[in-house]
Amino acid sequence: MPRNIPPSPFNVAALIPELAGLGRVTTLLYPRSGAPEVHDSSIGGPLLWPAAEPWPRCADPAHESIPAVGPEPVAMVPVVQLYARDVPELPFLAGSDVLQVVWCPLIHEDQDQCTVLPQLYWRSEVEVSATGVRAGSLPNPPGSHGHDEDFVPRPCTVSPTRVEEFPNWDMPEGLAPTLADRFDEIEAEFGCSYYDMATTIQSKVGGYPGWTQPPNWPDCACGRRMEHLLSITATEPHGGRWLPLDEHQDGAQVPLWRAEADPAVDDAIGHGMDMGDLGGTYFLFCPSCPGTPWTYRYDC
Ligand SMILES: [Zn+2]
Ligand SMILES: [Zn+2]
């Protein structure tokens, strides 16, 4: 079920006409610690995995330089599973209705960025179910390999929730400085900032990437800039506008932007990954090319 997110206390497009055309729908995922099952959308939950398909392992030779790991391949960890019935706006490949993401729980150098070498899988629930399913999850016990807890999510349910957001880092070049005075006026009048009320940094599908650093957009081989598919960020809101209303501290009569999470639910918020220094992994794709080529970026 979508979460109940309160409206912004101000109308961005009306107050700042320069941003009127830049609103985008994003689908916020709201991971919450739980017990998702194979046929559920999840973060860190068991994946719908074909019984005959080996669980993916990362054999990057760089592991050998990590004392606790050694030369054996390292089991990837399940990070995301999204079904079309929950997130139909994903660009599912023809015949597929499940998107899965796994990654190595160890950090690597790749193409001048640090990364967990993620892999995407587009699957058909019916086809996988027909060939026999097993719950794809981190082998338990994981063996002698070391893990970086920063990149192993705890099992979480998700609640895809569509909202309109506006650009943060992805503001057209030169626009932010010209709007600075009006952002200050908004903050003085409403008590809260444009950035807190109209932009999001949390795990989401579509909309603007939840960059925590300046954008690093990749180009596709066809020459087009890729589009945002999915962000998995360390940050999830524990207060403010983007905290679902039913998680606000009981009886709190404070303005929206000062809302805090009810202590009874606060511990369940988020997948628990710090991802370095509270960074994020971003998946980008090209909707124009056959096979939907994709790549990723990581920042922290
Ligand atoms: Zn690895
Ligand atoms: Zn392309």
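Quick notes on the rules
- Residues numbered from 1 in each chain as written.
- Chains lettered and ligands numbered in written order.
- Predicted model: local features only at pLDDT ≥ 70, side-chain atom pairs only at ≥ 80, totals over all residues.
- Heavy atoms only, no water.
- Helix = DSSP H or I, 4+ residues; strand = E, 2+ residues; numbered from the N terminus.
- Rg over C-alpha atoms; globule rule 2.2 N^0.38 Å.
- Buried < 20%, exposed > 50% of the residue type's maximum accessible area, 1.4 Å probe, protein only.
- Contact = heavy atoms within 4.5 Å.
- Lys, Arg positive; Asp, Glu negative; His and termini not counted.
- Charge placed at Lys NZ, Arg CZ, Asp CG, Glu CD.
- Salt bridge = Lys/Arg side-chain N within 4 Å of Asp/Glu carboxyl O.
- Donors = N, O, S within 2.8 Å, 3.2 Å for Na, K, Ca; no water.
- Tetrahedral: all angles 85-135°; square planar, octahedral: opposite > 155°, others 65-115°.
- Pairing = 2+ DSSP bridges.

**Q** With reference to specific residues and values, describe the overall build of the chain.
**A** Helix and strand counts for the chain stand at six helices and 18 strands. Relative to the 2.2 N^0.38 estimate, which gives 19 Å for 300 residues, the radius of gyration of the chain is 20 Å and therefore close to what a compact globule would have. Dimensions of the chain along its principal axes, counting C-alpha atoms only, are 60 × 50 × 40 Å. Relative to its 300 residues, the chain shows a buried fraction of 51%. A separation threshold of at least 6 residues defines the contact pool for the chain, and within that pool the share at least 24 residues apart is 74%. If you average the places of the 16 positive and of the 41 negative side-chain charges in the chain, the two averages end up 6 Å apart.

**Q** So what's going on with the pattern of salt bridges? Which residues, and what values?
**A** One pass over the full model with this rule turns up eight salt bridges. For the salt bridge of glutamate 247 with arginine 3, the shortest nitrogen-to-oxygen distance reads 3.2 Å. Placement of glutamate 247 in the loop between β16 (227–233) and α5 (263–266) and of arginine 3 in the segment before α1 (12–15) is noted, with a sequence separation of 244 residues between them. For the pair glutamate 247 and arginine 3, one class covers both residues: buried. The salt bridge involving arginine 123 is made with glutamate 53; its shortest N-O contact spans 2.8 Å. Here arginine 123 is found in strand β11 (residues 119–123), whereas its partner glutamate 53 is found in the loop between β4 (47–50) and β5 (57–58), with 70 residues between them in sequence.

**Q** I'd love a proper account of the coordination of the zinc ion (ligand 2), names of residues and values included.
**A** Coordination of the zinc ion (ligand 2) by the protein involves Cys220 (SG), Cys222 (SG), Cys286 (SG) and Cys289 (SG), with metal-donor separations of 2.3 to 2.4 Å. Taken together, the four donor atoms coordinating the zinc ion (ligand 2) and their angles of 104 to 115° define a geometry best described as tetrahedral. Each donor residue of the zinc ion (ligand 2) belongs to the same chain, with the gaps between them written as C-x1-C-x63-C-x2-C. Taken as a pair, cysteine 222 in the loop between β15 (204–205) and β16 and cysteine 286 in the loop between β17 (280–285) and β18 (294–299) lie far apart in primary sequence, 64 residues in all. For cysteine 222, a relative accessible area of 36% corresponds to the partly exposed category. Here cysteine 286 falls in the buried class, since its relative accessible area comes to 1%.

**Q** Any chance you could break down the sheet that holds strand β1 (residues 24–28) for me, citing the residues and the numbers?
**A** Strand order in the open sheet made by the six strands is β14-β1-β15-β16-β17-β18, with antiparallel pairing throughout. On the outer flanks of this sheet lie β14 (161–165) and β18, each paired with one strand and no other. When β16 meets β17, the two strands line up antiparallel, connected through six bridges. Directly across from leucine 230, in β17, lies its bridge partner phenylalanine 283.

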